[in-house]
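# Geometric and topological summary
Here are the chains, one letter per residue:
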Amino acid sequence: MIDRRGFGKVLGLTTGAATVSVTGLPGAQPAAAAPRDVAPRDMAAGKHTGFPRLKRIRAGLLDVGYAELGPAHGPAVVCLHGWPYDIHSYVDVAPLLAGQGYRVIVPYLRGHGTTRFLSARTFRNAQQSAIALDVIALMDALKIERAVLAGFDWGSRTADIVAALWPERCTALVSVSGYLITDREAQLAPIAPRAEHNWWYQYYFATERGRRAMEDPDLRHDLTRFVWDTVSPTWDFDDATFERTAAAFDNPDYAAVVVHNYRWRLGLADGERRYDGLERRLAGRPTIGVPTITLDPERDPFTVPGGGSAYRDRFTGAYEHRTLTGVGHNVPQEAPTAFARAVVDAGRLGQGQLTVK
């Protein structure tokens, strides 16, 4: 889910930019020409129920399971899911973008679906920089030099980090809920009780009882379904829609990855020293200069009031903010056309073809 410190901005709490260099890839896919200049057609949520075929590729520490749609030489879009979700959040978005000429990559994050760690000895780490490096490794493996990065929840945070630290790899950014890079020191400060209430599962996972619940298939199923119902109050999804995603939670590393993510954010679990340098940069709340569209879902209980003003200063390049009326947390699956349009328009922001608001 999103970062609880977003609420802190509303309460007047405060949470330098630095980048690391990534060299160009031999034989990498160059930035392709923009897709055709037409808006994605309207599509009701739930039109598609699955992807034609899933692929796998070794990338960094992982054997990554992913879906791919669209022309192989089209401009790339990497769509990143959150928790408790999976690639099916993009089951309608991906064909919309493929129809616009994009090469659409939708990976399972570590610990989800068909993605597996290459080594049993690898620590099941879910700190933010490790997940971001998974995306860089996947782009390297697929020989994608640059891509539009689009995400929600964990996916927004991951896309934000790549855009901030490796802007040369990011053509444009679509980030639901805005700037979600975690500052662990700021996370230690309490926030308003109403906001704390929304984070019940984060504190649950901090306990042994919560960890055991995530390891129990039946309890995990009911817990994640409850989260879906709570954070998407207007989304009329059926049982089959949830079950298609819930299958991704049977990954053997799922519980370990999810629990570590939330404990790490609260300072209750250590990360790995190899990521310390990146985490120091991220603690400085680096600005993001790539063309960006941020989306606030109106009915998401985590959406911060103010129409994006709480994080506006973190985006220094071409920028537009949109509020999606009547939409809950799982934006790409609840409002696939609006999400796909944001991806197309973010690319046009970078080319000066869209008016910045």
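Parameters at a glance
- Residues numbered from 1 in each chain as written.
- Predicted model: local features only at pLDDT ≥ 70, side-chain atom pairs only at ≥ 80, totals over all residues.
- Heavy atoms only, no water.
- Helix = DSSP H or I, 4+ residues; strand = E, 2+ residues; numbered from the N terminus.
- Buried < 20%, exposed > 50% of the residue type's maximum accessible area, 1.4 Å probe, protein only.
- Core = buried A, V, L, I, M, F, W, Y, C linked by side-chain atoms within 4.5 Å.
- Contact = heavy atoms within 4.5 Å.
- Axes fitted to C-alpha atoms, helices over the stretch in contact; angles between N-to-C directions.
- Left-handed = near helix turned anticlockwise from the far one by under 90°.
- Nonpolar A, V, L, I, M, F, W, Y, C, P; charged D, E, K, R; others polar.
- Pairing = 2+ DSSP bridges.
- Lys, Arg positive; Asp, Glu negative; His and termini not counted.
- Salt bridge = Lys/Arg side-chain N within 4 Å of Asp/Glu carboxyl O.
- Polar contact = N/O pair within 3.5 Å; in protein donor to acceptor, adjacent residues only side chain to side chain.
- Arc of directions from axis to C-beta.

### Things to note about the overall build of the chain
- Each helix and strand in the chain was counted, giving 14 helices and nine strands.
- Residue burial in the chain is summarised as follows: out of 357 residues, 59% are buried.

### What about the nonpolar core?
- In this structure, Trp83, Leu97, Leu173, Leu295 and Phe339 are the most contacted members of the largest nonpolar core, which totals 103 residues.
- Other than its neighbours up to four places away in sequence, Phe339 contacts Tyr90, Val93, Ala150, Gly151, Val174, Val176, Leu295, Val331 and Pro332.

### Description of the packing of helix 8 (residues 208–215) against helix 11 (residues 254–265)
- Packing of helix 8 against helix 11 brings their axes to within 8 Å, and their N-to-C directions diverge by 150°. Handedness of the crossing formed by helix 8 with helix 11: right-handed. Residues Glu208, Arg211, Met214 and Glu215 of helix 8 form the contact with helix 11, whose participating residues are Tyr254, Ala255, Val258, Val259 and Arg263.
- A breakdown of the residues in the contact of helix 8 with helix 11 according to their chemical character gives five nonpolar, no polar and four charged.

### Digging into the pairing of strand 2 (residues 62–69)
- Among the eight residues in strand 2, eight count as buried, and that is most of the element.
- Across the two faces of strand 2 the burial is the same, with Leu62, Val64, Tyr66 and Glu68 and Asp63, Gly65, Ala67 and Leu69 all buried.
- Bridge count between strand 1 (residues 54–59) and strand 2: six bridges; the pairing is antiparallel. Within strand 2, the position partnered with Ala59 by the bridge is Leu62.
- Counting the residues between successive antiparallel strands, the hairpin from strand 1 to strand 2 contains two residues, one of them, Gly60, with a positive phi of roughly 65°.
- Strand direction decides the pairing type here: strand 2 and strand 5 (residues 116–117), joined by two bridges, are antiparallel. Its bridge partner lying in strand 5, Asp63 is registered against Arg116.
- Here strand 2 pairs with strand 4 (residues 103–107) via four bridges, running antiparallel. Within the sheet, the bridge partner assigned to Tyr66 lies in strand 4 and is Pro107.

### Concerning the side chain of Asp92
- Tracing the chain through its elements places Asp92 in the loop between strand 3 (76–80) and helix 2 (93–99).
- Here Asp92 is buried and forms no salt bridge, its nearest opposite-charge partner Lys47 lying at an N-O distance of 7.6 Å.
- Among the polar contacts made by the side chain of Asp92, one reaches the main-chain amide nitrogen of His48 at a distance of 2.8 Å.

### Quick look at the environment of Leu54
- By the secondary structure assignment, Leu54 is in strand 1.
- It is 4.8 Å that separates the C-alpha atoms of Leu54 and Ala67, two residues lying 13 residues apart in sequence.
- If near-sequence neighbours (up to four positions away) are discounted, Leu54 is found in contact with Tyr66, Ala67, Ile87 and Tyr108.

### Some remarks on the pattern of salt bridges
- Scanning all chains against the criterion turns up 16 salt bridges.
- Among the ionic pairs, Asp253 bridges to Arg124, the shortest N-O distance being 2.9 Å. Taken as a pair, Asp253 in the loop between helix 10 (239–246) and helix 11 and Arg124 in the loop between strand 5 and helix 3 (128–141) lie far apart in primary sequence, 129 residues in all.
- Arg124 sits in the buried class, given a relative accessible area of 16%.
- Linked through salt bridges whose partners overlap, the residues forming this network are Glu320, Arg322, Asp345 and Arg348.

### Things to note about the environment of Gly50
- With respect to the element layout, Gly50 can be found in the loop between helix 1 (5–10) and strand 1.
- Separated by 41 residues in sequence, Gly50 and Val91 have C-alpha atoms that sit 6.0 Å apart.
- Discounting chain neighbours no more than four positions away, the residues touching Gly50 are His88 and Val91.

### A word on helix 10
- Along helix 10, the residues that are buried comprise Thr241, Phe242, Thr245 and Ala246. Seen from one end, helix 10 has its buried residues packed into an arc of 130°, which puts them on one side.
- Where helix 10 is buried, its residues touch helix 9 (217–231) and helix 13 (331–334).

### Observations regarding the pairing of strand 8 (residues 292–297)
- In terms of burial, strand 8 is a largely internal element, six of the six residues being buried.
- Side-chain alternation along strand 8 places Thr292, Thr294 and Asp296 on one buried face and Ile293, Leu295 and Pro297 on a second face that is also buried.
- Looking at chain direction, strand 7 (residues 170–176) and strand 8 are connected through four bridges and run parallel. Following the sheet pairing, Val174 is matched in strand 8 by Ile293.
- With six bridges connecting them, strand 8 and strand 9 (residues 319–324) associate as parallel partners.

### Side note on the environment of Pro301
- You can see Pro301 is positioned in the loop between strand 8 and strand 9.
- The exposure class assigned to Pro301 is partly exposed, which follows from its relative accessible area of 28%.
- It is 6.1 Å that separates the C-alpha atoms of Pro301 and Val231, two residues lying 70 residues apart in sequence.

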